[in-house]
Protein chains: 2
Amino acid sequence: MIDKFMNLDEEKRERIINAALEEFAKKGYDNASTNEIVKSANISKGLLFHYFGSKKGLFLFLVDYVINIFVDGFYSRINFDETDILKRWGQIALLKIELIQKHPDLYGFLLTSFSDDSKEIKKDVENIDKSVVVDAYEKLLVNIDTSVFKNDMDAKKVMEIIIWVTQGFGNSIMEKLKMDPNFKSTFDMSSAVAEFDGYMKLLRCAFYK
Amino acid sequence: MIDKFMNLDEEKRERIINAALEEFAKKGYDNASTNEIVKSANISKGLLFHYFGSKKGLFLFLVDYVINIFVDGFYSRINFDETDILKRWGQIALLKIELIQKHPDLYGFLLTSFSDDSKEIKKDVENIDKSVVVDAYEKLLVNIDTSVFKNDMDAKKVMEIIIWVTQGFGNSIMEKLKMDPNFKSTFDMSSAVAEFDGYMKLLRCAFYK
DNA sequence: TGGGTATTGACTACTGCGGTCAATAGCGTT
DNA sequence: AACGCTATTGACCGCAGTAGTCAATACCCA
């Protein structure tokens, strides 16, 4: 019945998707209420079950839907052949910020889904996580040129440090976006990029030959 | 009635505390069930309400109880006068790992409590967070000697980098502890300290004069 | 045995859940 | 206007589980 759902006019379809995403993200699978979803999407109870069959059907549809958006926007735009670790993780950190900034609700939904441990959906979500997220993450760690680091430095440790710093920067931006509602409207990606470049330069000067 | 609870023999007291901590940590305030707590603590429903009056009373007792344990174990053992940032954040990172390793359930409970947004308890928890956690965190950022960094480096950025790396290291240990149950039993704090020292040396060599 | 405290668990009154399905609204075709 | 068909409704079902109460009982010491 999901193909029928996809033929709905866009406005209604998105109303339903957004209502469901919000409810699941806020309360987790078990505690999310289909009654709340239909109320805030302004549709009848019957219609939701007509399209998705069950609560679980709806949830798994959403996971798939959201992952596709992120895969299209994220992994497809990363250059996996870049061997300079600063450049590669620079790309990753900035792209991540950009995407979360663009789809904060989708990201929130994915985050809670992957740490949800309702027995009803745990297995399914774990499989998806493994086949999509973990695999791609591993790809990001291979084929890095470590000969550029200063000779007396442990390359593996330097790589870890660089990854932790890029993650730390990303988290600090995310934190500000989450904490301060004003920051969101005044947030300027290009100035974030400039600030990020400062850190990258510092790391290059500290660890590269 | 809580003073009476404190006079219980230790075994029973801890059985109740642990059952409640686990339930709240797993399901959040709203979704946690007093029925489940009494069942897994092996006491009667009446007894729980006899001691704590209400679900909220029990929850706030737990927050207070856990925070005290962490304050005693953490902030009291940090040397706030240490001006060398690597040493200060080195202390912090390792102490944090040690404490979480020692009381994983308490830490899990605090984490979920601070991000719980049930309206019933949100205000109370926010106040506690502000008066205990935020204040102390700010203390950790003042009185750092920045003259030790290489002259051409932006001291503020270097400090951020160092903090992100110590956090990244801490998180990586935590992740391993969480993911792999075997790792927990074979985990050796002193080898973690040695590994951590490696990172510290690398940072010192990269950023210090 | 009496008296006092610690502990029990059946009980209440209630809320909200996922899911169903007969009824109806809405629309294109004849 | 009348038919047929699909899209949509929402009252309803049976159930599970909730926080909290309180008369009854178990337990222990004098």
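Structural data are supplied above this passage.
Below, the structure is looked at part by part. Here the residue numbering is sequential within each chain, running from 1 through the sequence in written order. By the order in which they are written, chains take letters starting at A while ligands take numbers starting at 1. Where totals are concerned, whole chains, interfaces and linings use all residues; where local detail is concerned, this predicted model gives features only for residues with pLDDT of at least 70, and gives and counts side-chain atom pairs only at 80 or more. Neither water nor hydrogens contribute to the side-chain values; these are computed over all heavy atoms in the structure.

Considering the protein's contact with DNA strand C
Alright, step 1. Near, as used in this document, describes a residue that has one of its heavy atoms within 4 Å of the molecule or strand being considered. The immediate surroundings of DNA strand C are formed by 17 residues, with S33, T34 and K55 of chain A together with K12 and Y51 of chain B found nearest.
Alright, step 2. Polar contact is defined as a pair of N or O atoms within 3.5 Å, subject to the rule that within protein one atom must be able to donate a hydrogen and the other to accept it, and that residues adjacent in sequence are counted only when both atoms are side-chain atoms. One of the side-chain N or O atoms of K45 of chain A is found 2.8 Å from a base nitrogen in DNA strand C.
Alright, step 3. In the model, a phosphate oxygen of DNA strand C is placed 2.8 Å from a nitrogen or oxygen of the K55 of chain A side chain.
Alright, step 4. Sorting elements by how many residues they give to the surface near DNA strand C places helix 4 (residues 45-52) of chain B first, with four residues.
Alright, step 5. Amino acids outside the nonpolar list (Ala, Val, Leu, Ile, Met, Phe, Trp, Tyr, Cys, Pro) and the charged list (Asp, Glu, Lys, Arg) are all regarded as polar, and Gly is one of them. Of the residues in the surface near DNA strand C, the class split is five nonpolar, seven polar and five charged. Secondary structure elements follow DSSP: runs of H or I no shorter than four residues count as helices, runs of E no shorter than two count as strands, and numbering proceeds from the N terminus.

Focus: the relation of the copies chain A and chain B
Alright, step 1. Only residues with pLDDT of at least 70 in both copies count here: their C-alpha atoms drive the least-squares fit that superposes the copies. Least-squares fitting of chain A to chain B yields an RMSD of 0.1 Å, with the transformation described by 0.1 Å of translation along the axis and a rotation of 179°. On the angle and the small slide along the axis, the relation comes out as a two-fold axis. Of every C-alpha in chain A, the one belonging to A206 of chain A sits nearest the axis of rotation, 2.3 Å from it.
Alright, step 2. Both copies share a contact surface, since 100% of the interface residues of chain A are interface residues in chain B too. When checking whether two residues touch, look at their non-hydrogen atoms; a contact exists if any pair is within 4.5 Å.

What to know about the nonpolar core
Alright, step 1. What we call a nonpolar core is a set of buried Ala, Val, Leu, Ile, Met, Phe, Trp, Tyr and Cys residues that are connected through their side-chain atoms within 4.5 Å. Note on classification: 1.4 Å probe, protein chains only; a residue is buried when its accessible area is under 20% of the maximum for its type, exposed when over 50%, partly exposed between these limits. Membership of the largest hydrophobic core comes to 134 residues, with the highest contact counts inside it found for F24 and F207 of chain A together with F24 and F207 of chain B.
Alright, step 2. Apart from the residues lying within four places of it in its own chain, the contact partners of F207 of chain A are V148, F149, K150, M153, V158 and I161 of chain A together with L202, L203, A206 and F207 of chain B.

Quick look at helix 9 (residues 155-179) of chain B
Alright, step 1. Given the number of residues in a helix, its expected span is that number minus one, multiplied by 1.5 Å. With 25 residues, helix 9 of chain B extends 36 Å between its outermost C-alpha atoms, agreeing within 8% with the 36 Å of an ideal straight helix rising 1.5 Å per residue.
Alright, step 2. Where helix 9 of chain B starts, the residue carrying a side-chain oxygen 3.0 Å from the main-chain nitrogen of K156 of chain B turns out to be D154 of chain B.

Observations regarding the protein's contact with DNA strand D
Alright, step 1. By nearness alone, 18 residues border DNA strand D, and Y51 of chain A together with S33, T34, K45 and K55 of chain B come closest of all.
Alright, step 2. Within 4 Å of the protein, the contacting atoms of DNA strand D are drawn from sugar and phosphate to the extent of 59%.
Alright, step 3. The separation between a phosphate oxygen of DNA strand D and a polar side-chain atom of K12 of chain A is 2.8 Å.
Alright, step 4. In the model, a phosphate oxygen of DNA strand D is placed 3.1 Å from a nitrogen or oxygen of the A32 of chain B main chain.
Alright, step 5. Secondary structure elements with two or more residues in the surface near DNA strand D: helix 4 (45-52) of chain A together with helix 3 (34-41) and helix 4 of chain B.
Alright, step 6. Here the surface near DNA strand D gets four residues from one element, more than from any other, and that element is helix 4 of chain A.
Alright, step 7. Of the residues that constitute the surface near DNA strand D, the class distribution is six nonpolar, seven polar and five charged.

Considering the pattern of salt bridges
Residues and elements named next belong to chain B.
Alright, step 1. Every case where a carboxyl oxygen of Asp or Glu lies within 4 Å of a side-chain nitrogen of Lys or Arg is listed as a salt bridge. Enumeration according to the criterion identifies 16 salt bridges over all chains in this entry.
Alright, step 2. Among the salt bridges present, the one from R15 reaches E11, with a minimum N-O distance of 2.9 Å. Within this pair, R15 and its partner E11 are both found in helix 2 (residues 10-31), separated by four residues, close to a single helical turn.
Alright, step 3. In this structure, the salt-bridge partner of E36 is K39, at a minimum N-O distance of 3.3 Å. Taken as a pair, E36 and K39 lie in helix 3 at a separation of three residues, close to a single helical turn.
Alright, step 4. K39 gets classed as exposed once you look at its relative accessible area, which sits at 59%.

Thoughts on the packing of helix 4 of chain B against helix 5 (residues 55-73) of chain B
How two helices pack is summed up by the angle between their axes together with the distance between the axes.
Residues and elements named next belong to chain B.
Alright, step 1. Axis definition: a line fitted to C-alpha atoms, limited for helices to the stretch in contact. Angles are taken between N-to-C directions and run from 0 to 180 degrees. Relative orientation of the contacting elements helix 4 and helix 5 amounts to 65°, with a least axis distance of 8 Å. Considered as vectors, helix 4 and helix 5 are oriented roughly perpendicular to each other. The way helix 4 lies across helix 5 gives a crossing that is left-handed. The residues of helix 5 that touch helix 4, namely those facing L48, F49 and F52, are K55, G57, L58 and F61.
Alright, step 2. Looking at side-chain class alone, the contact of helix 4 with helix 5 contains five nonpolar, one polar and one charged residues. The labels follow the angle: roughly parallel below 35 degrees, roughly antiparallel above 145, roughly perpendicular from 65 to 115, and oblique for the rest. Crossings are classed by handedness, with left-handed meaning an anticlockwise turn of the near helix from the far one by less than a right angle and right-handed meaning a clockwise turn.

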